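Report on the structure
These are the residues of each chain, in order.
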Amino acid sequence: MSSVVSHKNVERIENKISDCLNRAERYFKIGLQRPSFNFKQRGRTAGTAYLQRNEMRFNTYMLQQDPDKFIDHVVPHELAHIVVYQVFGSKVRPHGKEWVAVMEHLFDVEASRTHDFDVPKPRNLFLYQCACQVHEFTAHRHGRAVKGTQYVCRYCRKNLNFLKKK
């Protein structure tokens, strides 16, 4: 899949943001600051809201799988975090009652914390061994193990020890 996002999809995301922000502004009777967005999100996450930066990051790998579903669910999901932060501040839970209310009552989208898009295969895998099998670690998890985090097999309950890079 290409990592380039079509002009059409960028425009559709902008329109979705405008529509959702307008709904929130009418409901809360306040002006909200329009967030910026980019396509820097990588890995297993479809999107992330950076509240203090007023920025949303989207994953092009997942956007390209099903643009309609992505724009209808992921964009409002991340925007709801931004709206809740601007309206209620930082003391609320990320997927708390305020976020659920914005998602379901203002944006008319099911308030789900997870997505079902395919995730890209990790580039670097590291093999770890216990008493019963070999486990694959991502670079992130391997880095934590190198720094001292000890992982235990959920089946045999033995420590996982580094074997080699795959």
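Small disclaimer: the values here were computed from a predicted structure and weren't measured.

On to the sheet that holds strand S3 (residues 55-58), then. With respect to topology, three strands assemble into an open sheet ordered S1-S3-S2, the strand pairing being mixed. Each edge of the sheet is formed by a strand with only one pairing partner; in this case those strands are strand S1 (36-38) and strand S2 (47-50). The sheet shows a mean angle of 15 degrees between the axes of neighbouring strands, taken without regard to direction. Taken together, the three bridges between S1 and S3 define a ladder with parallel strand orientation. Of the residues in S3, the one forming a bridge with Ser36 is Glu55. Helix-sheet contacts for helix H1 (residues 7-28) involve S1 and S3, and the interaxial angle to S1 is about 150 degrees.

What follows concerns the environment of Lys16. Relative to the helices and strands, Lys16 is located in helix H1. Since its relative accessible area comes to 18%, Lys16 is described here as buried. Each C-alpha atom of the pair Lys16 and Val75 lies 7.3 Å from the other, and the pair is 59 residues apart in sequence. Filtering out sequence-adjacent residues up to four positions away, Lys16 remains in contact with Ile71, Asp72, Val75 and Pro76.

Analysis parameters
- Residues numbered from 1 in each chain as written.
- Predicted model: local features only at pLDDT ≥ 70, side-chain atom pairs only at ≥ 80, totals over all residues.
- Heavy atoms only, no water.
- Pairing = 2+ DSSP bridges.
- Helix = DSSP H or I, 4+ residues; strand = E, 2+ residues; numbered from the N terminus.
- Axes fitted to C-alpha atoms, helices over the stretch in contact; angles between N-to-C directions.
- Contact = heavy atoms within 4.5 Å.
- Buried < 20%, exposed > 50% of the residue type's maximum accessible area, 1.4 Å probe, protein only.

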